[in-house]
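# Coordinate analysis (summary)
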Amino acid sequence: MIAASLGKTDLIHFDMYRISSADELFDIGWEDYLNRGAICAVEWSENVRDAFFGDEVTVRIEKLGDTARKITIEGVALC
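Residues numbered from 1 in each chain as written. Predicted model: local features only at pLDDT ≥ 70, side-chain atom pairs only at ≥ 80, totals over all residues. Heavy atoms only, no water.

## Topic: the overall build of the chain
Inclusion rule: By the criteria applied, helices consist of DSSP H or I runs no shorter than four residues and strands consist of E runs no shorter than two, each listed in order from the N terminus. Any residue under 20% of the maximum accessible area for its type is buried, any over 50% is exposed, and the rest in between are partly exposed; the area is computed with a 1.4 Å probe on protein chains only. In what follows, a contact means two residues having at least one pair of non-hydrogen atoms within 4.5 Å. To measure how exposed things are, a 1.4 Å probe is used in the Shrake-Rupley method; for residues, cover is taken only from the protein chains shown.
Counting its secondary structure elements, the chain contains 2 helices and 5 strands. When the helices and strands of the chain are read in sequence order from the N terminus, they spell out β-β-α-α-β-β-β. Taking all 79 residues of the chain together, the buried fraction comes to 15%. Excluding contacts between residues fewer than 6 apart, the proportion of contacts in the chain whose partners are at least 24 apart in sequence is 44%. Per element, the accessible surface of the chain, about 6300 Å² overall, is 50% carbon and sulfur.

## Considering a negative patch on the surface
For clarity, the threshold we go by: Residues enter a patch when their relative accessible area is above 30% and they make no salt bridge; the linking distance is 9 Å between like charges and 5 Å between nonpolar side chains (Val, Leu, Ile, Met, Phe, Trp, Tyr). Whenever Lys or Arg places a side-chain nitrogen within 4 Å of a carboxyl oxygen from Asp or Glu, that contact is recorded as a salt bridge. Charged residues are defined narrowly, with Lys and Arg counted positive, Asp and Glu counted negative, and His plus the chain ends left uncounted. By convention, the point assigned to a charge is CZ for Arg, NZ for Lys, CD for Glu and CG for Asp.
Together, Asp 23, Glu 24, Asp 27 and Asp 50 give the surface a local cluster of negative charge. One can find Asp 27 in helix α1 (residues 22-27). Given a relative accessible area of 69%, Asp 27 falls into the exposed group.

## With respect to the nonpolar core
The cut-off we apply is this: What we call a nonpolar core is a set of buried Ala, Val, Leu, Ile, Met, Phe, Trp, Tyr and Cys residues that are connected through their side-chain atoms within 4.5 Å.
With 11 residues, the main nonpolar core is built from Ile 12, Phe 14, Met 16, Ile 19, Ala 22, Leu 25, Trp 30, Tyr 33, Ala 38, Val 48 and Ala 51. Mapped by element, the contributors of at least two residues to this core are β2 (9-15), α1 and α2 (30-35). Not counting residues within four places of it along the chain, the set of residues in contact with Met 16 comprises Leu 25, Trp 30, Val 42, Glu 43, Trp 44, Asn 47 and Val 48.

On their own, these measurements won't tell you what the molecule is for.
What follows is the structure, encoded as C-alpha cells:
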C-alpha cells in the first residue's frame, strides 16, 4: 500500500496481486480505508471482486502496440 495526499483527499494505492480473496482483504482493514473517504486505487482488483459495492470507477489500460494504449473508464459520468 502507498498513501499520498491530494490536497484534502488521500490517495491510497493497493496492489492486490498477492491477495486471493475479499475476506483476506477485509481481514487487513479494507473498510477502514474506505470509511476514511480516501480515493483507493486498486491494481489486480479482479482478485477481490467481492470487496466492491458497485459504486467504484474502473479504469482499464490495454496495450495495443509498442506505443498505443486503449483506456476505458466505467462507473462515472464524464463531462
